[in-house]
Amino acid sequence: MAKLKLQNLQKKYRPDVIPVKDISLEVNDGEFLTLLGPSGCGKSTLLRLIAGLEPPTKGQVMLGNENLNQAAPGDRNMAMVFQSYALYPHMTAAENIATALKLRKMPQAEIDRRVNEAAHKLELTSLLNRKPGQMSGGQRQRVALARALVRDPEVFLLDEPLSNLDALLREQVRAQMKQLFKDQNKPVVYVTHDQTEAMTLSTKVAVLNQGLIQQLDPPSRIYSHPANEFVASFVGSPQMNLLTLKCDGNRAFLGKHQLELSPIATNPSQILLGIRPEDISLASSEEEATIVGQVYLVEQLGKDNLVSVKLEGSQTTLRALLPSDRQWENKTIPLAIKPDKIHWFDIQTGDRLN
Ligand code: ADP
Ligand code: MG
């Protein structure tokens, strides 16, 4: 039985402001679900509906067999962590971590035990007597996480908890968090606009756009089989190439080259081709090439170069990830596209076709 279940949730603020349109999903114990989407797509609103900070316009929030719609936030036994940490500045880290337990009138010995255990897990033991003003951003965020942990809630809700941290720190806290929530074995709903966080932390990802789920799948599936053009363009860095091609029967035309369309049950005159930069490689000869392109921009990424080419005989451009040990500037190069790595999308609906 699913622990946390959302059924047809909707939130309408005004007739034209409906940040959450119709969302259904389940999160079981031990599952880490990430709500991933661009700013303004309704992620925080959805999290607030789960927490009970806002009532839904339609639909239900269920925990086990219990409908929580009428339950106040404090009665839901969910712990929420915010981007802004929301710590009390006049309290020490230990006092901040213990606030919810004090309210519950838990015996002091048990409070101390839980605070020390959480502080140990999050490497905060030596900082327990410091106030937030004497701590770094990463330390404050770990205090906020510890405060959620000690409550031993039924569900964890996190809203962009790492986005105020610098890149290196974000990577460290991310790895720590992954282990931490694995050990908790409770449903986690995590909000982010950062695809790396979504891909590395989650057991499943819900990609949101305009208040609707575009795809709900494990991260590897989101990456290998994006359900539509939106997911294809939002997930993956560097971004997937998306090219509109003319077709005729079962052939699509890319520059002066032809690509086979046979597995697709459609007969369009145009089709959208998606190919990730890492799925384009240097062909060994012009005969073997799928396409020939003129390099006009080279961006160095470290191990690889992101090479932008203009296709021979057309205005179409695309980007390929090629080894950085060669000079690509101004060269005309033959490129091979792996056919099984091509994503085909309907030109009208944007839906995946293969
Ligand atoms: P996200 O977290 O994905 O960036 P939000 O859920 O915060 O997005 O917001 C989604 C949309 O809902 C935004 O356009 C925002 O302006 C609108 N919105 C959020 N809260 C309210 C509110 N209390 N009243 C009116 N509109 C709101
Ligand atoms: Mg938000």
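From a predicted model like this one, the values you see are computed outputs, not experimental measurements. (Residues numbered from 1 in each chain as written. Chains lettered and ligands numbered in written order. Predicted model: local features only at pLDDT ≥ 70, side-chain atom pairs only at ≥ 80, totals over all residues. Heavy atoms only, no water.)

### Looking at the overall build of the protein chain
Thinking step 1. Across its full length, the protein chain holds eight helices and 20 strands.
Thinking step 2. Principal axes of the C-alpha set define a box for the protein chain whose edges measure 80 × 45 × 35 Å.
Thinking step 3. Looking at the protein chain residue by residue over its 354 residues, the buried ones come to 49%.
Thinking step 4. Put simply, of all contacts in the protein chain between residues at least 6 apart along the chain, 65% involve residues at least 24 apart.
Thinking step 5. When the accessible surface of the protein chain is totalled, it reaches about 17,100 Å², and 47% of it is carbon and sulfur.
Thinking step 6. Computed over 41 positive and 39 negative side-chain charges, the separation of the two mean positions in the protein chain equals 6 Å. (Helix = DSSP H or I, 4+ residues; strand = E, 2+ residues; numbered from the N terminus. Buried < 20%, exposed > 50% of the residue type's maximum accessible area, 1.4 Å probe, protein only. Contact = heavy atoms within 4.5 Å. Areas by Shrake-Rupley, 256 points an atom, 1.4 Å probe, with all protein chains shown as cover. Lys, Arg positive; Asp, Glu negative; His and termini not counted. Charge placed at Lys NZ, Arg CZ, Asp CG, Glu CD.)

### Details of the side chain of His 343
Thinking step 1. Mapped onto the fold, His 343 is located in strand β20 (residues 343–345).
Thinking step 2. Of note is the side chain of His 343, whose polar atom sits 3.4 Å from the backbone oxygen of Lys 341. (Polar contact = N/O pair within 3.5 Å; in protein donor to acceptor, adjacent residues only side chain to side chain.)

### Some remarks on the nonpolar core
The tendency in soluble globular proteins is for nonpolar side chains to be buried side by side.
Thinking step 1. Among the nonpolar cores identified, the biggest contains 37 residues, and Leu 145, Phe 156, Leu 158, Met 177 and Phe 181 are the most heavily contacted of them.
Thinking step 2. Among the secondary structure elements, those contributing two or more residues to this core are β6 (78–81), α2 (93–103), α3 (108–121), α4 (137–150), β7 (155–159), α5 (167–184) and β8 (188–192).
Thinking step 3. Among the elements that line this core, the one with the most residues is α4, at seven residues. (Core = buried A, V, L, I, M, F, W, Y, C linked by side-chain atoms within 4.5 Å.)

### Some thoughts on the site of ligand 1
Thinking step 1. Near ligand 1, the surroundings consist of Tyr 13, Val 17, Pro 19, Pro 38, Ser 39, Gly 40, Cys 41, Gly 42, Lys 43, Ser 44 and Thr 45.
Thinking step 2. Lys 43 is positioned with one of its side-chain polar atoms (N or O) 2.9 Å from an oxygen atom of ligand 1.
Thinking step 3. For ligand 1, the protein covers 58% of the area, taking 570 Å² as the surface of the free molecule.
Thinking step 4. Tallied by class, residues from the shell around ligand 1 come to five nonpolar, five polar and one charged. (Near = heavy atom within 4 Å. Nonpolar A, V, L, I, M, F, W, Y, C, P; charged D, E, K, R; others polar.)

### Considerations on the domain arrangement of the protein chain
Thinking step 1. Entries for the protein chain in the domain assignment read domain 1 (4–231) and domain 2 (241–345).
Thinking step 2. When each unit is reduced to the centre of its C-alpha atoms, the spacing between domain 1 and domain 2 is 40 Å.
Thinking step 3. Contact with domain 1, which involves six residues of that partner, is made by six residues of domain 2.
Thinking step 4. Interface area, domain 1 with domain 2, both sides summed: about 500 Å², of which 57% is carbon and sulfur.
Thinking step 5. When the area that domain 1 buries against domain 2 is broken down by residue, the three leading residues are Tyr 223, Pro 226 and Glu 229, summing to 82%.
Thinking step 6. Where domain 1 touches domain 2, the interface holds two residue pairs in polar contact (both at pLDDT 80 or more). (Domains from an automatic or database assignment. Buried area = accessible area lost by both parts, 1.4 Å probe.)

### Focus: the sheet that holds strand β11 (residues 241–248)
Thinking step 1. Read from one edge to the other, the open sheet built from five strands follows the order β13-β12-β11-β14-β20, with strand pairing classed as antiparallel. At either end of the open sheet lies a strand with only one pairing partner, and these are β13 (257–260) and β20. For this sheet the average axis-to-axis angle between neighbouring strands, irrespective of direction, equals 40°.
Thinking step 2. Pairing of strand β12 (residues 251–254) with β13, which is carried by four bridges, proceeds in the antiparallel orientation. Counterpart to Arg 251 in the pairing with β13 is Glu 260. (Pairing = 2+ DSSP bridges. Axes fitted to C-alpha atoms, helices over the stretch in contact; angles between N-to-C directions.)

### Details of the packing of aromatic side chains
Thinking step 1. Applying the stated criterion across every chain, the model contains four aromatic pairs.
Thinking step 2. Look at Phe 32 and Phe 181: their rings are 6.1 Å apart centre to centre, the planes differ by 70°, and that puts the pair in the edge-to-face class. Highlighted residues: Phe 32 in strand β3 (residues 32–36) and Phe 181 in helix α5, separated in sequence by 149 residues.
Thinking step 3. Taking the relative accessible area as the measure of exposure, Phe 32 reaches 5% and is therefore buried.
Thinking step 4. Between Phe 156 and Phe 181, the aromatic rings sit 5.0 Å apart at their centres with planes inclined by 70°, giving edge-to-face as the arrangement. With Phe 156 in strand β7 and Phe 181 in helix α5, the pair connects residues that are 25 residues apart, well separated along the chain.
Thinking step 5. An aromatic cluster of at least three residues, connected via ring pairs, comprises Phe 32, Phe 156, Phe 181 and Tyr 190.
Thinking step 6. Over the ring of Tyr 223 we find Arg 276, and its NZ or CZ is 3.9 Å from the ring centre. (Phe/Tyr/Trp six-rings, centres within 6.5 Å; stacked < 30°, edge-to-face > 60°. Lys NZ or Arg CZ within 6 Å of the ring centre and 35° of its normal.)

### Quick look at the packing of α4 against α5
Thinking step 1. Interaxial distance between α4 and α5 falls to 11 Å at its minimum, and their mutual angle equals 10°. When the axis of α4 is compared with that of α5, the two are roughly parallel. Here α4 contributes Gly 138, Arg 142, Leu 145 and Leu 149 to the contact with α5, which in turn contributes Leu 169, Val 173, Gln 176, Met 177, Leu 180, Phe 181 and Gln 184.
Thinking step 2. Of the residues belonging to the contact of α4 with α5, the class tally is seven nonpolar, three polar and one charged. (Parallel < 35°, antiparallel > 145°, perpendicular 65-115°, else oblique.)

### Observations concerning the environment of Leu 273
Thinking step 1. Within the secondary structure, Leu 273 sits in strand β14 (residues 270–275).
Thinking step 2. Discounting residues that sit within four places of it in the chain, Leu 273 has contacts with Asn 241, Leu 242, Leu 243, Leu 245, Leu 259, Ile 342, His 343 and Trp 344.

### Quick look at the sheet that holds strand β17 (residues 304–311)
Thinking step 1. Read across the sheet, five strands follow the order β15-β19-β16-β17-β18 without closing on themselves; strand pairing throughout is antiparallel. Of all strands in the sheet, those with a lone pairing partner are β15 (280–282) and β18 (317–323), marking the two edges. Within the sheet, the average angular offset between the axes of one strand and its neighbour, ignoring direction, is 50°.
Thinking step 2. Direction of pairing for β17 relative to β18: antiparallel, over a ladder of seven bridges. In the sheet register, Val 309 faces β18, and the bridge partner there is Leu 318.

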